[in-house]
Amino acid sequence: MRKILFLVLFLSCGGKEEVKSGNVQPGADSVEVISTKEGTKMWVMKSQKVVERGDSLVGFGVRITFFSGNKPSSVLTADSGKYYQATGDMVAYGRVHLVSSDSTELWTKSLHWDAKRRLIWTDDSVRIKQKDRILFAKGMETDAEISYIKFKSPVRGEGERLE
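Note on numbering: residues in each chain are counted from 1, in written sequence order. With pLDDT at 70 or above as the cut-off, local features in this predicted model cover only qualifying residues; side-chain atom pairs require 80 or more to be listed or tallied, and sums for whole chains, interfaces and linings still use all residues. Excluded from the side-chain calculation are hydrogens and water; included are all heavy atoms of the structure.

Asker: Run through empty space enclosed by the protein, naming residues and quoting values.
Answerer: Only protein atoms enter the 1 Å grid used here. Points where a 1.4 Å probe fits but cannot escape make up a cavity, open sets with protein on both sides within 12 Å along at least five of seven lines make up a pocket, and a residue lines them when an atom lies within 4 Å of a point. Grid points are joined across faces, edges and corners, and a volume is the space filled by probe spheres set on the points. Applying the stated criterion to the full structure yields 2 cavities of 30 Å³ or more. In this structure, the largest cavity encloses a volume near 80 Å³. If you go around the largest cavity, you meet 14 residues; those closest to its centre are I64, L76, M90, A92 and L111. Here a strand is any run of E in DSSP of at least two residues, a helix any run of H or I of at least four, and the numbering for each starts at the N terminus. Those elements that provide at least two residues to the lining of the largest cavity are β5 (56-68), β6 (71-84), β7 (90-100) and β8 (105-114). We call Asp, Glu, Lys and Arg charged. Ala, Val, Leu, Ile, Met, Phe, Trp, Tyr, Cys and Pro are nonpolar, and the rest, Gly among them, are polar. A breakdown of the residues in the lining of the largest cavity according to their chemical character gives 11 nonpolar, 2 polar and 1 charged. For the second largest cavity, the calculated volume is near 60 Å³. When residues in the lining of the second largest cavity are grouped by element, the largest group, 4 residues, is from β5. Per-class residue counts for the lining of the second largest cavity are 8 nonpolar, 3 polar and no charged.

What follows is the structure, encoded as structure tokens:
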């Protein structure tokens, strides 16, 4: 079984971010991508299999751990995902599940990571479980910690009501 460590480093150079990366062997069985900015770990992506398509990496059996202050803030799992090397953006597809460190859970069909704005968003239907309530909506955006949620449509819910 081939295993590859793929490093993505975001270095601050006069306010401009520069991306440095290694080569990925097409069809690699196991890949780990690590993103850092100014020496701080931003996220780690692990994939059971990866293929290179142009300037993108497509992974299958994806797990991404997001970090805040070098501590894990949330973990995303998905059937597959695409990482855009030029921008650092990512998209997760399939059975997407995101769990924050405070146990908030989110389920959807696709989820996008905007590296520049450090936001997670989707236009698909979402189900979000927070403590004693479950929320349903179509489309949302949040940060990697799920510290806030901005819905793009009316929200339905079950459980405890917040005032």
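Asker: Tell me about unusual backbone geometry, residues and numbers included.
Answerer: Backbone geometry places N70, a non-glycine residue, at a positive phi of 65°. Mapped onto the elements of the fold, N70 is located in the loop between β5 and β6. Owing to a relative accessible area of 48%, N70 belongs among the partly exposed residues under this scheme. Per-residue accessibility, obtained with a 1.4 Å probe over protein chains only, is compared with the maximum for each type, and a residue is labelled buried under 20%, exposed over 50%, and partly exposed between these values.

Asker: Could you give an account of the packing of aromatic side chains, naming the residues involved and the relevant values?
Answerer: Between rings of Phe, Tyr and Trp, where Trp is taken as its six-membered ring, a pair exists when centres lie within 6.5 Å; planes separated by under 30 degrees are stacked, by over 60 edge-to-face, and by other angles tilted. Scanning the entire structure with this criterion turns up 2 aromatic pairs. On the numbers, 5.5 Å between centres and 70° between planes, the contact of W43 with Y83 is edge-to-face. On the criterion of sequence distance, the pair formed by W43 in strand β4 (residues 40-53) and Y83 in strand β6 is long-range, its members being 40 residues apart. Overall, W43 belongs to the buried group, its relative accessible area being 2%. On the basis of relative accessible area, Y83 is assigned to the buried category, the value being 1%. Geometrically, the ring pair formed by F66 and W113 is tilted, given 4.9 Å between the ring centres and 45° between the ring planes. Of this pair, F66 sits in strand β5 while W113 sits in strand β8, and the two are 47 residues apart along the sequence.

Asker: Summarise the pattern of salt bridges; cite the residues concerned and give the values.
Answerer: Basic side-chain nitrogens of Lys or Arg form a salt bridge, by our definition, when they fall within 4 Å of a carboxyl oxygen of Asp or Glu. Across all of its chains, the model carries 5 salt bridges by this definition. Here D79 ties to R95 by a salt bridge, and the two come within 3.0 Å at their closest N and O atoms. Placement of D79 in strand β6 and of R95 in strand β7 is noted, with a sequence separation of 16 residues between them. The partly exposed category is assigned to D79, whose relative accessible area is 33%. You can call R95 exposed: its relative accessible area is 66%. The structure contains a network of salt bridges with shared partners spanning D114, R117 and E141.

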